[in-house]
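Structural features, examined
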Amino acid sequence: MEMEKLKEALHFICSSDFLRMALFWNFALIYSYFQLLKGRIFGSKSTTSFSSSSSNHSSNASSHRPICVITGATSGLGKATAFALSRKGFYVVLVGRSSHLLSKTLAEIKNHNEDAQLKAFEADLSSFQSVSNFRNSLEKWLSESELHSSIQLLVNNAGILATSSRPTVEGFDRMMATNYIGAFSLTKLLLPLLRNSTVPSRVVNVTSFTHRSVFSARFDKDSVTGVYSSESKQYPCASIYQYSKLCVLLFSYELHRQLHLTDDSHHVSVAAVDPGAVKTNIMHELPSYIQVLAFCSLKVFRLMQSSEEAAESVIDAALAPPEVSGKYFFGGNGRTIESSAVSRDPKLAKELWDTSCLIFDELQQTHT
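Conventions adopted
Residues numbered from 1 in each chain as written. Predicted model: local features only at pLDDT ≥ 70, side-chain atom pairs only at ≥ 80, totals over all residues. Heavy atoms only, no water. UniProt positions renumbered as here; feature names shortened; annotations may be inferred. Pairing = 2+ DSSP bridges. Helix = DSSP H or I, 4+ residues; strand = E, 2+ residues; numbered from the N terminus. Axes fitted to C-alpha atoms, helices over the stretch in contact; angles between N-to-C directions. Contact = heavy atoms within 4.5 Å. Buried < 20%, exposed > 50% of the residue type's maximum accessible area, 1.4 Å probe, protein only. Polar contact = N/O pair within 3.5 Å; in protein donor to acceptor, adjacent residues only side chain to side chain. Phe/Tyr/Trp six-rings, centres within 6.5 Å; stacked < 30°, edge-to-face > 60°. Lys NZ or Arg CZ within 6 Å of the ring centre and 35° of its normal. Lys, Arg positive; Asp, Glu negative; His and termini not counted. Salt bridge = Lys/Arg side-chain N within 4 Å of Asp/Glu carboxyl O.

The name an unreviewed UniProt entry gives the chain is 3-oxoacyl-[acyl-carrier-protein] reductase, with Brassica napus as the organism. The heading Sequence similarities (unreviewed entry) in the UniProt record of the chain holds the text "Belongs to the short-chain dehydrogenases/reductases (SDR) family."

Listed below in structure tokens is the structure:
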């Protein structure tokens, strides 16, 4: 058994995916921290501090708790964020694929905070039908609970790192569908509820430093849905993961721009957040020896964080003032840095937006 695990690890080490993860991803992470250090020393304009304590979405001033929707809320970063936001006074709506894990997470949060107000919905972000059903269930719950037909915060956190091609019902790559298309579709479907909020609302998109490893990109329908990857002999898991995180970032910037065109007051604002390297189960499909190697090396250099530590960056992005819309949070303490040049290309962002809207419209037509 151990020999099989060792062979699996050695085979992975010889792949291009390992090279990307070991070289490019680590360099990207170190470069992000270098930006923080440069900002601290030279006072770079790209690094700004905000105080989240002053922006609690009026949860204390209102008789109704602000409602927050968190995807991927049953483990890791999503779970830690749910714990933190429940303590901040939010009515937390947990979204996950497993009803068992949802129930377990609800019980754990209640055990630590008996005053927490929670609701759980089972949904698979890789399936548009499931995402659409969740939106309908959420609206029905808001109506039946006599809550205001609005939400104040959407945290698009759900994500996977798959090592094999597993197409969705729509024929999309599952990693692209979960990490990006699902987040885009859910945001589009929930925008009316965000706009209907009586206080400023926000979309927080969880991205990754791995986006820096993408130096060029195209955003036609095949590439965005990941269809082209199925033609490869070996599934390029690292390439697709970093590409999906670039898409999340470009989407965040373009959504900010689109909302700003219709609302100068930032009533619905957008923030992208990179939690850094986090000890979660996202790498569980990789060979076990590779997982241990990654965790140990990052821990030695003090770059590995717990889910609770990393969740602080998400909370910063969620609770910062509306003026931070369109910013890229990294490093905690409300700090922001610049993402890669590719991710800040407005032409690429518009190209991705147009393609994503086309995919979204086709999915809506198919499932109506």
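1. Quick word on the sheet that holds strand E2 (residues 91–96)
Taken in spatial order, the seven strands line up as E3-E2-E1-E4-E5-E6-E9 in an open sheet, and their pairing is parallel. Because the sheet does not close on itself, it has two edges, and the strands there are strand E3 (117–122) and strand E9 (327–330). The mean inter-strand angle of the sheet, taken between neighbouring strand axes irrespective of direction, is 20°. Relative to strand E5 (residues 201–206), strand E4 (residues 153–156) runs parallel, the two being bridged by four bridges. Bridge pairing links Leu153 to Arg202 in E5. Sitting on the sheet, helix H3 (residues 76–87) touches strand E1 (67–71), E2, E3, E4 and E5, and the angle it makes with E1 is about 170°.

2. Focus: the environment of Tyr235
Turning to its location among the elements, Tyr235 is positioned in the loop between helix H7 (221–225) and helix H8 (237–262). Classification of Tyr235 as buried rests on a relative accessible area of 9%. Residues Tyr235 and Asp17, 218 residues apart in the sequence, show an inter-C-alpha distance of 9.2 Å. For Tyr235, the side chain forms a polar contact with the side chain of Asp173, separated by 2.6 Å.

3. A closer look at the packing of aromatic side chains
With the rule as written, the count across this model stands at 17 aromatic pairs. Residues Tyr91 and Trp141 carry aromatic rings whose centres are separated by 5.3 Å and whose planes lie at 70° to one another, so their mutual orientation is edge-to-face. Separated by 50 residues along the polypeptide, Tyr91 in strand E2 and Trp141 in helix H5 (residues 128–144) bring together distant segments of the chain. Judged by relative accessible area, Tyr91 falls into the buried class, the value being 15%. For Trp141, a relative accessible area of 9% corresponds to the buried category. On the basis of an interplanar angle of 75° and a centroid distance of 5.6 Å, the ring pair of Phe184 and Trp353 is categorised as edge-to-face. Highlighted residues: Phe184 in helix H6 (residues 174–195) and Trp353 in helix H11 (residues 346–366), separated in sequence by 169 residues. Taken individually, Phe184 and Trp353 each receive the classification buried, so the pair is uniform in this respect. A cation over a ring is seen here: Lys119 above Phe121, with NZ or CZ 5.5 Å from the ring centre.

4. Remarks on the side chain of Arg202
By the element assignment, Arg202 lies in strand E5. Among buried charged residues, Arg202 stands out as having no salt bridge; its nearest opposite-charge side chain is Glu323, 7.1 Å away. A polar contact of 2.7 Å, which involves the side chain of Arg202, links it to the backbone oxygen of Ala320. From its side chain, Arg202 meets the backbone oxygen of Pro321 in a polar contact 2.9 Å long.

5. Concerning the pattern of salt bridges
For the structure on display, the rule yields nine salt bridges. Close ionic contact of Glu285 with Arg166 constitutes a salt bridge, the shortest N to O distance being 2.9 Å. Here Glu285, found in the loop between strand E7 (277–278) and helix H9 (288–300), pairs with Arg166, found in the loop between E4 and H6; they are 119 residues apart in sequence, far enough to count as distant. For Arg166, a relative accessible area of 31% puts it in the partly exposed group. Residue Glu338 pairs with Arg344 through a salt bridge whose shortest N-O separation is 3.6 Å. Take Arg344: its relative accessible area is 40%, and that puts it in the partly exposed class.

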